[in-house]
Amino acid sequence: MAAVDLVNQDRLASVTALSSGAHSAPNGEFMACVMEAAAFVAGEPWSDHPGCTRPVIGAFMRGWNDSLPSDEDRTRLLLPFVPAIVGTKGLAALEERRSLMAADWLVRVHTPAWLRLAGLKDQAATLEALPEITSLAQAPSLRGPLEAVCKDAAAAWAAARAATGAATGAAAGDAAGAAAWAALKDTVTELQQSALVLVERMIALTRR
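Small disclaimer: the values here were computed from a predicted structure and weren't measured. (Residues numbered from 1 in each chain as written. Predicted model: local features only at pLDDT ≥ 70, side-chain atom pairs only at ≥ 80, totals over all residues. Heavy atoms only, no water.)

Would you mind going over the overall build of the protein with me for this structure?
Secondary structure assignment for the protein yields 10 helices and zero strands. In sequence order, the protein lays out its α and β elements as α-α-α-α-α-α-α-α-α-α. Buried positions account for 34% of the 208 residues belonging to the protein. A fraction of 65% describes how many contacts in the protein between residues 6 or more apart in sequence connect residues 24 or more apart. For the protein, the accessible surface area stands at approximately 11,600 Å², while carbon and sulfur atoms represent 60% of it. (Helix = DSSP H or I, 4+ residues; strand = E, 2+ residues; numbered from the N terminus. Buried < 20%, exposed > 50% of the residue type's maximum accessible area, 1.4 Å probe, protein only. Contact = heavy atoms within 4.5 Å. Areas by Shrake-Rupley, 256 points an atom, 1.4 Å probe, with all protein chains shown as cover.)

Below you can see the structure in the form of structure tokens.
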């Protein structure tokens, strides 16, 4: 059955915004996270773990929903996915593939973006150069590079904290903060777009 056949269109039209955290079933003002909204439009009991969506997609969407800084961002990025994630339950065999896709994104896209922001360009390049993670059998070969990058990142974090503690001068601090915020916004936007693509790929597995 196509996902569109599982979606109550009247209910979907009534979902106009998303918010963080778990919520009680609607009794007045409608408030829901992305997964509660999916359960609602699918006609399931109120829950942020609806049966119409596979666990990997649900876990990723719940985490993303609650990590976004504002309801405006949640609504803009995640609301369009509400009807799409309904009906993704599919075969259990797809869950391992989705899990590996999420792990690959975390290792080769998400983490390198933050490493590069921190000035650890070589370490970011190391992770980006790893082969795509498509099997659990690759885990042993990934351990060495991941542990080396973690060690470098921990050392850089300790050095940054020491430097911050020693820094003086409000003007210099404000200027550095403004520059860091601009770079952070670019990184966040980049990761949001890549996460959108990841979710679209995970949903597409249902239709194969």
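From this point on, the discussion continues.
Help me understand helix 8 (residues 121–128), please; the structure alone is not making it clear to me.
Listing the buried residues of helix 8 in full gives Gln-123, Ala-124 and Leu-127. The buried residues of helix 8 occupy an angular sector of 100 degrees when projected down its axis, which confines them to one face. Exposed residues lying more than 90 degrees from the buried face of helix 8 are Lys-121 and Asp-122. (Arc of directions from axis to C-beta.)

Even after reading the chapter, I still don't get the environment of Val-7, so can you show me in this structure?
Summarising the element assignment, Val-7 is placed in the loop between helix 1 (3–6) and helix 2 (9–14). For Val-7, a relative accessible area of 8% puts it in the buried group. Along the primary structure Val-7 and Gly-87 are separated by 80 residues, whereas in three dimensions their C-alpha atoms are 8.7 Å apart. With sequence-adjacent residues up to four places away left out, Val-7 is seen in contact with Leu-12, Val-41, Pro-83 and Val-86.

I would appreciate a short explanation of the nonpolar core in the present structure.
General note: in soluble globular proteins, nonpolar side chains tend to be found buried as a group. Counting 37 residues, the largest nonpolar core has Phe-60, Met-61 and Trp-64 as the members making the most contacts within it. Elements represented by at least two residues in this core include exactly helix 3 (34–41), helix 4 (55–67), helix 5 (71–78), helix 6 (82–85), helix 7 (93–117) and helix 10 (170–204). Considering each element in turn, this core owes the most residues, seven residues, to helix 10. Discounting residues that sit within four places of it in the chain, Met-61 has contacts with Val-34, Met-35, Leu-78, Phe-81 and Val-199. Among the nonpolar cores identified, the runner-up in size contains 10 residues, and Leu-100, Leu-115, Leu-142 and Val-149 belong to it. (Core = buried A, V, L, I, M, F, W, Y, C linked by side-chain atoms within 4.5 Å.)

Sorry, what's going on with the environment of Cys-52 here?
Note that Cys-52 resides in the loop between helix 3 and helix 4. Residue class for Cys-52 comes out buried when judged on its relative accessible area of 8%. Spatially, the C-alpha atom of Cys-52 lies 7.4 Å from that of Ala-42, the residues being 10 residues apart in sequence. Ignoring anything within four residues of it in the chain, the contact list for Cys-52 reads Ala-38, Ala-42, Glu-44, Ile-85, Val-86, Gly-87, Thr-88 and Lys-89.

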